[in-house]
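Now for the letters of each chain:
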Amino acid sequence: MATAIMPLPLTHFTQNTSERTLLRFSTAGSVDDGKSTLIGRLLVETKGAFDDQIEAVRSSKVNRSGRELDFSLLTDGLTAEREQGITIDVAYRYFSTPKRKFIVADTPGHEQYTRNMATGASTADVAVILIDARKGVLEQSRRHAYISALLGIRHLAIAINKMDLVDFSPAVYDAIVAEFTALSPHLRGANIHFIPLSALDGDNVVARSERTPWYHGPTLLEFLENVEVTPAASQAFRFPVQLVIRPHLDFRGFAGQIATGRVRVGDRVTILPSARTSRIERIVTFDGDLEEAIAPMSVTLVLADEVDVSRGNQIVHTGWESTVTREFAAMTVWMSAEPLVIGHTYLLRHGPHQVQARVVNIDHRVDVANYAPLSVDTLQINDIARVRVETAQPLHGDLYQNNRFTGAFILVDPLSNLTLAAGMIEEMASARRTGGAREQFRSGPVTLAERITAHGHRPAWIHHSNPAAAIQLERRLFERGVHVLRTDTALPELLEAGCIVISQAKLEGHTHSALTLREVDETMQELETRGVITPQDVQDQGEGI
Amino acid sequence: MSLSHLRSIEAEAIHILRETAAQFAKPVLLYSIGKDSSVLLHLARKAFYPGLIPFPLLHIDTTYEYPEMIEFRDSFTREIGAQLLVYTNDAAIADGANPYSLGTSKCCGLLRTKAVVDGLKHYGFDAALGGARRDEEKSRAKERVFSFRDSNGHWDPKNQRPELWNIYNGRVDKGESIRVFPLSNWTEFDIWAYIELENISLVPLYFAKERPVLERGGTLIPYESNVRLLPGEEPKMVKIRMRSLGCTPCSGAIRSDADTVTKIIEELFVFRRSERENRVIDHDQDGSMELKKREGYF
């Protein structure tokens, strides 16, 4: 039987806490595979649960474990879940050891919760995938493994649970290892680690089990404490700008969190999508200026030159730019009850950057139970598919496999405001072929920046499916002094000339005028919040906060 | 090279604070004067430096709070140049709302839950930052960082927006709002370790001192000017400190000798009891925090 680890010396916590690093992992599972029991045991044995919480579990009327303590009760949160005995949403748990602090994204395993599984996996470094030793690799395990790898998790820890119910048989373990290993071609090169354990009795969870003498690998906790995760700081430098901080005329800084990489004072940088270049003059923090900063620090950068930078732009090292494009292919997880409408205009959020986007094609949907491609013409909730996306304004992205921050996006419905889908960029059309921003914005004796200053607004392309709204919008923008026109083909030259271009769908059906007005208002507001046009009441206050 | 876990969650919280300032027209920071609020306020100063915090602080004053809290609130916010707003459910106070006659559940409903919802509506805030953490209570473990509230201020735990990576969707229609929780991934231990690391000022009630207290059903209630004596009660002097601050009649203290942050951290790992245990309201009924949250309690 496993025993709990010794409590740590106090001095260790008080002196070394700030030295610990953070590891995020996800788990998924259904009612019977022992996931809640496993998490509950990790919490109790690492002292991540408090004594009064354990006491409440001990005195609870419910005990489904057949043991002294039902660990699963520690983690079942919402009233509905306690009644149904299932986990319906992503829950986050916390525990720590002297080496690491752990954030656990605990997600339900059932198919209808694919989206929750994806949500939990999106921030995780490691996925703990539970397999019931008696049942082998079920559909649910395959789904969890696929989604974890899809969301970019590099380490899958396969916890072969309930070994106590198969007499700790190495033959059972070997068979499951072989069965699971056969799936690896579909798992995007993720590292796979197998651990035989019993969450109920504690074997190989925290302490080594005497009942698995044939197993020489780490316990689950040892694995989690020691698994090497590629630090975000070792990748190319990416700095999405969240805010312009301008408390007075002598200071203009760009605030953001370093997504990946590191930056030093003096580095040559390029601002995307404008492709203007400058040098890092200062790295400012509340605690003082820094010579160097690494991901994932939140800092404020001051540039040596007066270049135009606003929310949603990205600062990168010159020579290491991300791709600027309007067309790309992506894997998506559809998350809303509202199905995908091909050609419909959605808002695409890419870090702090927001553009209008359309899904123009579904290449195929993936059946997550057997990894087979399916041909479909729409996407429903919990569907996973490869799609093609076109954006109205240029996007400066990376492939998701190279960067989990700048390769990721969500789609938002501009009317209901709901988050509809999550996307991972798989392939990008090159800037040259699509006439991307770098070429466009460098041409001519008159630069785009000069045109923006002269016009008092930025260029943009707006697509409206409602023709009445497009007409009204043109009038409204014109009255605000904007260089605006409507056309069926979005010519890049017009954007280069600094115009706002409105394209519209062909006239069909009747649209209610109240809806039209609302759409126009929303688009105007959208243009203001994105800094395309200046809000009327603050026109003389300048940029910044 | 990797950041320490405290610096990682610090960077995450600053990112969330900046997203809030950028995405909303009228955000506010709900300031409860407690230790978590104090950490949040400190992070907000960091997020916008060298600028000032670009949104006001709103304190929901139940009028049953410790006088020391109010003194601290006024002097500290003045010191850092923050804009402070105070809102009270005056109608309920005028009707004589108090925990003795209403019970803690109803009293909290009026003076906290309703006051938060009304206060936000009164000023027209579209986002409210709070210091709640997911490790505090089971139902909080599932709440998003950007948590949607309908036009009645209600939370629907079964219908939350998916939240992936560090992309937060703060789009709302008029009347709707988002509660933002930058400290979602912090534990009570992280809060104290960070307070020590950053030397953050706190209300003195958090530190052990001899104070007059009443013992009610195993809970130690500090005897303050606004606590009513029940028949037969007699305050006695005990060395105590508060683990979490609330209203005087409803938040219990613990016996303690910890009069510095370092001693509190040591004590936390001896005591090993969750901080909300001493709050009377959480144990009113099974799943009680979830019920309060659905109605809008922070």
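In this report, the structure presented in the accompanying data block is examined. (Residues numbered from 1 in each chain as written. Chains lettered and ligands numbered in written order. Predicted model: local features only at pLDDT ≥ 70, side-chain atom pairs only at ≥ 80, totals over all residues. Heavy atoms only, no water.)

1. Points about the overall build of chain A
Broken down by element type, chain A carries 14 helices and 25 strands. Here chain A, with 545 residues, has 57% of them falling under the buried criterion. Across chain A, contacts joining residues at least 24 apart in sequence account for 71% of those joining residues at least 6 apart. Taken as a whole, chain A presents about 22,400 Å² of accessible surface, with 51% of it coming from carbon and sulfur. (Helix = DSSP H or I, 4+ residues; strand = E, 2+ residues; numbered from the N terminus. Buried < 20%, exposed > 50% of the residue type's maximum accessible area, 1.4 Å probe, protein only. Contact = heavy atoms within 4.5 Å. Areas by Shrake-Rupley, 256 points an atom, 1.4 Å probe, with all protein chains shown as cover.)

2. Concerning the nonpolar core
Within soluble globular proteins, side chains that are nonpolar tend to cluster in buried spots. In this structure, F25 and L151 of chain A together with W165 of chain B are the most contacted members of the largest nonpolar core, which totals 73 residues. Ignoring sequence-local partners within four residues, the contact set of F25 of chain A consists of L42, F95, F102, I103, V104, A105, A124, V126, V128 and L224 of chain A. L29, Y31, W192 and A193 of chain B belong to the second-largest nonpolar core, a separate cluster that totals 71 residues. (Core = buried A, V, L, I, M, F, W, Y, C linked by side-chain atoms within 4.5 Å.)

3. Here's the deal with the sheet that holds strand β3 (residues 84–87) of chain B
Residue and element names in this part refer to chain B. Spatially, β3-β2-β1-β4-β6-β5 is the arrangement adopted by the six strands of the open sheet, whose pairing is mixed. Strands at the two margins of the open sheet, each flanked by one partner only, are β3 and β5 (146–149). Within this sheet the neighbouring strands show an average axis-to-axis angle of 30 degrees, counted without direction. As judged from the four bridges shared by strand β2 (residues 57–60) and β3, these two strands associate in the parallel manner. Along β3, the bridge assignment pairs L58 with L85. Together, β2 and β3 form the strand contacts of helix α3 (residues 67–79), whose direction differs from that of β3 by roughly 155 degrees. (Pairing = 2+ DSSP bridges. Axes fitted to C-alpha atoms, helices over the stretch in contact; angles between N-to-C directions.)

4. A look at unusual backbone geometry
In this chain, A295 of chain A is followed by P296 of chain A through a cis amide linkage whose omega measures 0 degrees. In this structure, P296 of chain A sits in the loop between β13 (292–294) and β14 (298–303). Note the cis peptide between Y49 of chain B and P50 of chain B, where omega equals 0 degrees. In this structure, P50 of chain B sits in the loop between α2 (35–48) and β2. Of note, the phi angle at N382 of chain A is positive, near 75 degrees, even though the residue is not glycine. Structurally, N382 of chain A can be placed in the loop between β19 (372–374) and β20 (384–397).

5. Considering the sheet that holds strand β8 (residues 243–245) of chain A
All names here are of chain A. With antiparallel pairing, seven strands are arranged side by side in an open sheet as β7-β15-β11-β12-β14-β9-β8. The strands lining the two open edges of the sheet, one partner per strand, are β7 (238–240) and β8. Mean inter-strand twist for the sheet, computed between neighbouring axes without regard to direction, equals 40 degrees. In this structure, β8 lies alongside strand β9 (residues 253–257), joined through three bridges in antiparallel fashion. Of the residues in β9, the one forming a bridge with I245 is G253.

6. As for the pairing of strand β7 (residues 209–216) of chain B
All names here are of chain B. Two elements, β7 and strand β9 (residues 236–242), share five bridges in a ladder whose sense is antiparallel. Residue E210 lies in a different strand from β9, and its bridge partner there is K239. A loop of two residues connects β7 with strand β8 (residues 219–222), the two strands running antiparallel in sequence, and G217 in this loop sits at a positive phi of about 50 degrees.

7. A short note on the packing of aromatic side chains
All told, the structure shown has 19 aromatic pairs over all chains when counted by the stated rule. Seen in terms of ring centroids, Y173 of chain A and W214 of chain A are 5.1 Å apart; in terms of plane orientation they differ by 50 degrees. Their pairing is tilted. A residue pair is termed long-range when its members are at least 10 positions apart, and Y173 of chain A in helix α7 (residues 170–181) and W214 of chain A in the loop between β6 (191–196) and α8 (220–226) qualify at 41 residues. For Y173 of chain A, a relative accessible area of 11% translates into the label buried. On the basis of relative accessibility, which here comes to 25%, the residue W214 of chain A falls in the partly exposed class. For the pair F328 of chain A and F409 of chain A, a centre-to-centre distance of 5.5 Å together with 70 degrees between the ring planes defines the contact as edge-to-face. With a gap of 81 residues between them, F328 of chain A in strand β16 (residues 323–334) and F409 of chain A in strand β21 (residues 408–412) connect regions that are remote in the sequence. F409 of chain A carries the same exposure label as F328 of chain A, and that label is buried. A connected cluster of aromatic rings, assembled from ring pairs, spans F25, F95 and F102 of chain A. Across from the ring centre of F125 of chain B, 5.4 Å away, lies the NZ or CZ of K26 of chain B, which sits over that ring. Sitting over the ring of Y92 of chain A, R134 of chain B keeps its end group 4.0 Å from the ring centre. (Phe/Tyr/Trp six-rings, centres within 6.5 Å; stacked < 30°, edge-to-face > 60°. Lys NZ or Arg CZ within 6 Å of the ring centre and 35° of its normal.)

8. Remarks on the pairing of β16 of chain A
All names here are of chain A. Counting buried residues along β16, ten of its twelve residues qualify, which places the element largely inside the surrounding structure. Relative to β20, β16 is paired through ten bridges, and the arrangement is antiparallel. From the neighbouring strand, F328 faces β20, where its bridge partner is V389.

9. A few points about the side chain of R243 of chain B
In this fold, R243 of chain B is placed in the loop between β9 and β10 (253–255). Within polar-contact distance, the side chain of R243 of chain B engages the side chain of E188 of chain B at 2.7 Å. (Polar contact = N/O pair within 3.5 Å; in protein donor to acceptor, adjacent residues only side chain to side chain.)

10. Here we look at the environment of M69 of chain B
Positionally, M69 of chain B belongs in helix α3. For M69 of chain B, the residues in contact, after removing those within four places along its chain, are S32, I33, V203, L205, L245 and G246 of chain B.

11. Digging into the environment of I131 of chain A
Residues and elements named next belong to chain A. Mapped onto the fold, I131 is located in strand β4 (residues 126–132). Judged by relative accessible area, which is 0%, I131 ranks as buried. Once the C-alpha coordinates of I131 and D383 are considered, the two residues, 252 residues apart in sequence, prove to be 23 Å apart.

12. Brief notes about the pattern of salt bridges
Pairing between side chains of opposite charge can happen when their charged atoms approach one another. Residue and element names in this part refer to chain B. Tallied over the full model, the rule gives 55 salt bridges over all chains. One salt bridge in this structure joins K35 and D36, with 3.3 Å as the shortest N-O distance. Exposure class is identical for K35 and D36. Each is buried. The closest approach of N and O atoms between E233 and R216, which form a salt bridge, is 2.8 Å. Residue E233 is found in the loop between β8 and β9, and its partner R216 is found in strand β7; the two are separated by 17 residues along the sequence. The pair E233 / R216 is uniform in exposure class, with both members buried. (Salt bridge = Lys/Arg side-chain N within 4 Å of Asp/Glu carboxyl O.)

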